[in-house]
Amino acid sequence: MSVAEPEVAATTFLKPAERSGRKFLNPVPTALGGLRIALKVLPQMLFNTAEREPKQPLGPFHTDSTVYSAPPSTGLRVTWFGHSSMLLEIDGVRVLVDPVWDKRASPMNWIGPKRFFAPTIELERLPQIDVVLVSHDHYDHLGQQTVRRLAKLQPSARWITPLRVGPILERFGVSASRVSELDWTGTVEITGTDGAALAITALPSRHFSGRSMFRRMETLWASFALRSARHNVYYGADSGAWPGLAEIGATYGPFDLTMLEIGAYNEMWKQIHMGPEGAAQAYRAMKGPRGAGLLMPIHWGLFDLALHGWREPIERMTAIAEAEGWQLWSPHPGMPTEVVHGQALRSTWWKREA
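Now for a look at the structure at hand. Given the structure is predicted, the values throughout are model-derived calculations rather than measurements.

Reading the values: the criteria
Residues numbered from 1 in each chain as written. Predicted model: local features only at pLDDT ≥ 70, side-chain atom pairs only at ≥ 80, totals over all residues. Heavy atoms only, no water. Buried < 20%, exposed > 50% of the residue type's maximum accessible area, 1.4 Å probe, protein only. Helix = DSSP H or I, 4+ residues; strand = E, 2+ residues; numbered from the N terminus. Contact = heavy atoms within 4.5 Å.

**Remarks on helix H5 (residues 275–285)**
Here is step 1 of the chain: Within H5 the residues assigned to the buried category are Gly275, Pro276, Gly278, Ala279, Ala280, Ala282 and Tyr283.
Here is step 2 of the chain: Tucked into the core, H5 has its buried residues touching helix H4 (244–252), strand S13 (257–261), helix H6 (288–292), strand S14 (294–298) and helix H7 (312–324).
Here is step 3 of the chain: Positive backbone phi, at 85°, marks Lys287, one or two positions downstream of H5.

**A few points about unusual backbone geometry**
Here is step 1 of the chain: Residue Pro60 is bonded to the preceding Gly59 through a cis peptide linkage, with omega at 5°.
Here is step 2 of the chain: Relative to the assigned elements, Pro60 resides in the loop between helix H1 (35–46) and strand S3 (76–82).
Here is step 3 of the chain: Omega for the peptide link from Gly253 to Pro254 comes to 0°, which places this bond in the cis form.
Here is step 4 of the chain: In this fold, Pro254 is placed in the loop between H4 and S13.
Here is step 5 of the chain: With a phi angle near 60°, His83 is a residue other than glycine that sits in the positive phi range.
Here is step 6 of the chain: When you line up the elements, His83 lands in the loop between S3 and strand S4 (85–90).

In short, the description is geometric, and any link to function would need to be established separately.
Structure below.
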């Protein structure tokens, strides 16, 4: 059964990505940090007193793999593995999102941001995956060792990425025949168990790409709408707040669950990472509880990627949600959790070390 395509207005932010030479452009003008920002950040890093990493190791957190032997009764279940990695089970289709089981979000295994806690499940114990969804090529969203292992463990999985990310996956062992690259507004339809259909649409986000400082913007980045016959989910991936989010909500919503990043933010780079206040702005623009459904904070709790304390993103997001009366959906790491329409979920696992 096919999933109906939404209608896009003639004048729209929702269109294929534009380029300047080999470099992709953001949907709105966006300044990226360079040497000037680095010079400002350095003294703040040296004299920063924020608790950027947990004082004691977190966890261990464990995922009970036997849960996956039965489908979710609601049709929608999410296992959040920390940061932006998760397993999304949506009406018969299993989607593994931005998987990073690597020890560090770094090109090297001996230096760079290190995980706050170990993976909650071995890759070998994951159920059969229908789709591996990769939003962009940054190390905290695309882990080389993870991809190499998944390519062997899940040979039948489809891999869906934005444009030009495919060759990276191929270098890491993924068969080119299993990769579908999408431009913004492009859609791939996946058939899961019992013939269930899931339409995955790549949508614009305000970010950047590159696995080195010298080849930025040469691969595309994206957010995604995932629509089945019964459920509709928005994965915001990495993005600063921008006007097109309102149109995404109006065109591809209403959503049952809206995943927005809240970590790795700073006033100096708010155009590419929205943080809690930007996530609140985005959620309002996408029409809040009526149009964006439950708000799931992502991109936090696993790596030190900014200057703020490691708990600060969820503390600020929780305070905003309470003040606004919003239904926050924030699960425990590694716990397969069903999404119930209109029912908030606020795990406080991150308070245990306080």
